[in-house]
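Structural overview
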Amino acid sequence: MKKIAILGSTGSIGRQALQVIDELPGEFKVVGLAAGANIQLLVEQIRKYKPNYVALGSSEKAAQLKNVLPTNVPLFTGKKGLSKLVEAADLDFLLVAVSGIHGLLPTLTALEKKITVGLANKETIVTAGALVMETAKKYGALLIPVDSEHSAIWQCTEKENQQAIEKIILTASGGPFLNFSTTQLKTVTPQMALRHPNWEMGAKITIDSATLINKGLEVIEAHWLFNLPYEKIEVVIHPESLIHSLVQYHDGSVLAQLGCPDMRVPIQYALTYPFRQANSFPRINLAELGTISFQKPDFTRFPGLLLALEAGKMGGTMPIVFNAANEIAVKLFLQNSIKFTEIPQIIEGVMAKHAVVSEFQIEDILAWDKWARSLTVKIAKGVI
Ligand code: NDP
Ligand code: MG
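A short tour of the structure in this document, coming up. The structure presented is a predicted model; accordingly, all values stated were derived computationally and were not measured.

Rules used in this analysis
- Each chain carries its own residue numbering, running from 1 in the direction its sequence is written.
- Written order decides the labels, with chains lettered from A and ligands numbered from 1.
- Reporting of local features is limited, given that this is a predicted model, to residues whose pLDDT is at least 70; pairs of side-chain atoms are given and counted only at 80 or more, and all residues count toward the totals for whole chains, interfaces and linings.
- To get the side-chain values, take all heavy atoms of the structure and skip hydrogens and water.
- Here, nonpolar core means buried Ala, Val, Leu, Ile, Met, Phe, Trp, Tyr and Cys residues that are tied together by side-chain atoms lying within 4.5 Å of each other.
- The classification of residues rests on relative accessible area computed with a 1.4 Å probe and restricted to protein chains. Under 20% of the type maximum is buried, over 50% is exposed, and intermediate values are partly exposed.
- Helix and strand assignments follow DSSP, with helices taken as H or I runs no shorter than four residues and strands as E runs no shorter than two, numbered in order from the N terminus.
- It only takes one pair of heavy atoms within 4.5 Å for two residues to be counted as in contact.
- Keep in mind that water is not among the atoms, so a site may look incomplete; donors are the N, O and S atoms within 2.8 Å of the metal, or 3.2 Å for Na, K and Ca.
- Between any two strands, at least two bridges found by DSSP are needed for them to pair.
- If you view a crossover with the strands going away from you and the path from the first strand over the helix to the second runs clockwise, you call it right-handed.
- The rule for a salt bridge is simple: a side-chain nitrogen of Lys or Arg has to be within 4 Å of a carboxyl oxygen of Asp or Glu.

Formed by 124 residues in total, the largest nonpolar core has its most connected members in Leu7, Leu65, Leu94, Ile168, Phe322, Phe340 and Ile343. It is helix α14 (residues 318-334) that provides the largest number of residues to this core, a total of 11 residues. When sequence neighbours within four positions are dropped, the list of residues in contact with leucine 65 reads Ile39, Leu42, Val43, Ile46, Val54, Leu56 and Leu75.

Coordination of the magnesium ion (ligand 2) by the protein comes from Asp147 (OD), Glu149 (OE) and Glu218 (OE), over a distance range of 2.1 to 2.2 Å. Read N to C, the donor residues that coordinate the magnesium ion (ligand 2) are spaced as D-x1-E-x68-E. Of this pair, glutamate 149 sits in helix α6 (residues 148-156) while glutamate 218 sits in helix α10 (residues 213-225), and the two are 69 residues apart along the sequence.

We now examine helix α11 (residues 264-272). Most of α11 sits inside the fold, with eight of its nine residues counted as buried. Of the residues making up α11, those classed as buried are Arg264, Pro266, Ile267, Gln268, Tyr269, Ala270, Leu271 and Thr272.

Here strand β6 (residues 116-119) shows a buried face lined by Thr116 and Gly118 and a second buried face lined by Val117 and Leu119. As paired elements, strand β5 (residues 93-96) and β6 share four bridges and run parallel to each other. Paired with valine 96 across the bridge in β6 is leucine 119. Between β5 and its parallel partner β6, the chain crosses via helix α4 (residues 104-112), and the hand of that crossover is right-handed.

Turning our attention to the pattern of salt bridges. Two side chains that carry opposite charge are able to pair once their charged atoms sit near each other. With the rule as written, the count across this model stands at 13 salt bridges. Between lysine 48 and aspartate 22 there is a salt bridge, with the nearest N and O atoms lying 2.9 Å from each other. Of this pair, lysine 48 sits in helix α2 (residues 39-49) while aspartate 22 sits in helix α1 (residues 12-23); the two residues are 26 residues apart in sequence, bridging distant segments of the chain. Judged by its relative accessible area of 37%, aspartate 22 falls in the partly exposed class. Residues participating in the shared-partner salt-bridge network are Lys122, Asp147, Glu149, Lys215 and Glu218.

Now for the pairing of strand β2 (residues 28-35). Consecutive residues of a regular strand have side chains that alternate between opposite faces of the sheet. Burial analysis of β2 places seven of its eight residues in the buried class, the great majority of the element. Pairing between strand β1 (residues 2-7) and β2: six bridges, direction parallel. Looking at β2, one finds that leucine 7 is bridged to alanine 34. For the crossover that starts at β1, traverses α1 and ends in the parallel β2, the hand is right-handed. Running through α2, the crossover from β2 to the neighbouring parallel element strand β3 (residues 53-56) is right-handed.

Below you can see the structure in the form of structure tokens.
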């Protein structure tokens, strides 16, 4: 049995990963579970999967787990809790499915221990792509993408033909406001933006999908994961979300990976790699589908996508600053403190105040992240 820990087990990806594990009895032993603050669900999961290690982001709520956990099961809390769990546990596989930058330290800890990492958390690779890839290489650890587009590229990349890749094409659904005018976009509320047409996801990534910033983050993610220059990464809008991404080779052949918009499929592929296991998840029916469509992204109505691409191309510390500004701007939008269209405006303001630093260490990443968060709040409040 593969010994696995899930960081972010109470979230959208974490819950679906547990469904995959339920679907494949006898294949996995859940050794570790970690959540932020959803005690009720975490307790249910602890009772069902009986992990050997548990971590909780919220130190204040830790007391509520005391009577639930057997005395021999350690509970790690606070900022370093996730890394401590990874440090302590004997694992074959770590699924990093927390949201935000919390995924970074435990990912590095796992790679240093040569544990295979299934990475759903895109903020980790966006902020620390070079460091994460170098660490994986240095320790000979496998990093498997879980994000559906990157899983598609991973599946379509022929190991012996990596040099023959002409470009990769990431598909984007376009989100719920694909056909909204600039005027209509100004009226978007959090409730409207939280309704994604194709995917059931956590709040942060759902808003990122509506601004198309998610696709920008994914371009940066792809740049690092597949070691490709930005000129070789293209984005195309594909509203049906059935083709999850494509790889074009220099002989003109294009390989695509298709499937229902169901994250359990890329999660399962990461978990069972290099094998494909049978499951009962829904299948696509091409004849019933009839047609599928594609269009160019519109950078005028969705400037956040362009900003993300610029941040990626500027490189160095700019993606850290971009990511932090976006996390805060999304939070402020969800609190009704700023308008939907102010998200990219505020990020642009933060980026304008940052001079790129090209050489940096892990401490610098966290410091620049903090700097950008505080600046974002000030810009949003109009203090600066
Ligand atoms: P959710 O918001 O649904 O879940 C986030 C998870 O992280 C929850 O379990 C949450 O716990 C946990 N968490 C948050 N902060 C902490 C912390 N400090 N310590 C420990 N756990 C914490 O997000 P998603 O599942 O949608 O996304 C997770 C990641 O995967 C994101 O980076 C996202 O970009 C990426 N991703 C998601 C996809 C999707 O379809 N959902 C697709 C591709 C990538 P709690 O709820 O208990 O507070
Ligand atoms: Mg994706």
